[in-house]
Amino acid sequence: MLVVVVRKVEEAAMSEEDQKRFDWFKKMSPPQFDGDPFVDAQDFLHGCQEILQNLGLVESNGVDFTTFQLKRPPKRSKAEASDAVITGIVSVFHRDASVLFDSGSTYSYVPSYFVSHLDLPRSSIDIIVHVCTPVGFSVVVDCVYQPCVVTIRSYETSFNLLFLNMVDFDMILGMDWLFLYHVILDCHAKTMMLAMPRLARLEWRGSLGHTPSRVISFLKAQRMV
């Protein structure tokens, strides 16, 4: 299950120089990619890199400008939904959140647009994390929101979530959360079970409907000293 991570380029937040560079990049008509399995992602990557190299922007703006070209795919029917992932809605501080349970993701993540409604404290982490993306770049993750209360049916779990801008989901719960709460995933039945010692097992059933086609493998994260 690889989640395509998109760090949106917010034009209003750009410096004047970066805005000029971005305008140059867009004038070159860079390719776009929406996760279509019949489209070669390498062609997309090479097309963007060629433009960035011609403009001398690979080092300064390569990650942001390339990932900006990732677009949301069209909706798919239930028959096309992935069998390899579990997604659904959970409660986060009594607010509904779309979640991906991802045993391939080392850590758990939340985007800023979602936590902005929760008034959670944000702090820096001592050892930064590099998250690898499908376009061949790594995104630096150096902030954490803590603690975040995620309610699975009636049971409250408390956990720290790393800040990572992404689309399609409000939250990714990775192996750090899954391990802590002794979670058992059944991708075929679309169920997630909390199986902690000395507590009654609690089963949660995920969505059987549309799963974003960006979920094509898993997030790999690496701690960097």
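*Asks:* Is there a simple way to think about the sheet that holds strand 9 (residues 191–194) in this case?
*Replies:* In a beta sheet, neighbouring strands pair by backbone hydrogen bonds and run either parallel or antiparallel. Pairing is antiparallel across the open sheet formed by three strands, whose spatial order is 8-9-10. Two strands lie at the open edges of the sheet, namely strand 8 (183–186) and strand 10 (202–205), each paired on one side alone. Taken pair by pair, the neighbouring strands of this sheet meet at an average axis angle of 20°, ignoring direction. Taken together, the four bridges between strand 8 and strand 9 define a ladder with antiparallel strand orientation. Within strand 9, the position partnered with V183 by the bridge is L194.

*Asks:* Just checking my understanding: could you explain the environment of D142 for this structure?
*Replies:* Mapped onto the fold, D142 is located in strand 5 (residues 138–152). Judged by relative accessible area, which is 33%, D142 ranks as partly exposed. Sequence separation between D142 and H130 is twelve residues, and the spatial gap between their C-alpha atoms is 8.7 Å. Setting aside chain neighbours within four positions, we find D142 in contact with S123, S124, I125 and I128.

*Asks:* Help me understand the confidence of the model for the chain in this model?
*Replies:* Per-residue confidence for the chain gives a mean pLDDT of 75; residues scoring 70 or more make up 71%. Counting contacts from residues 1–13, a segment whose pLDDT is below 50, to residues more than four positions away or on other chains yields 54 contacts. For residues 73–81, every residue scores under 50 in pLDDT, and the model assigns this stretch 15 contacts once sequence neighbours within four places are set aside.

Rules behind the numbers
- Residues numbered from 1 in each chain as written.
- Predicted model: local features only at pLDDT ≥ 70, side-chain atom pairs only at ≥ 80, totals over all residues.
- Heavy atoms only, no water.
- Pairing = 2+ DSSP bridges.
- Helix = DSSP H or I, 4+ residues; strand = E, 2+ residues; numbered from the N terminus.
- Axes fitted to C-alpha atoms, helices over the stretch in contact; angles between N-to-C directions.
- Buried < 20%, exposed > 50% of the residue type's maximum accessible area, 1.4 Å probe, protein only.
- Contact = heavy atoms within 4.5 Å.
- pLDDT = per-residue confidence, 0-100.

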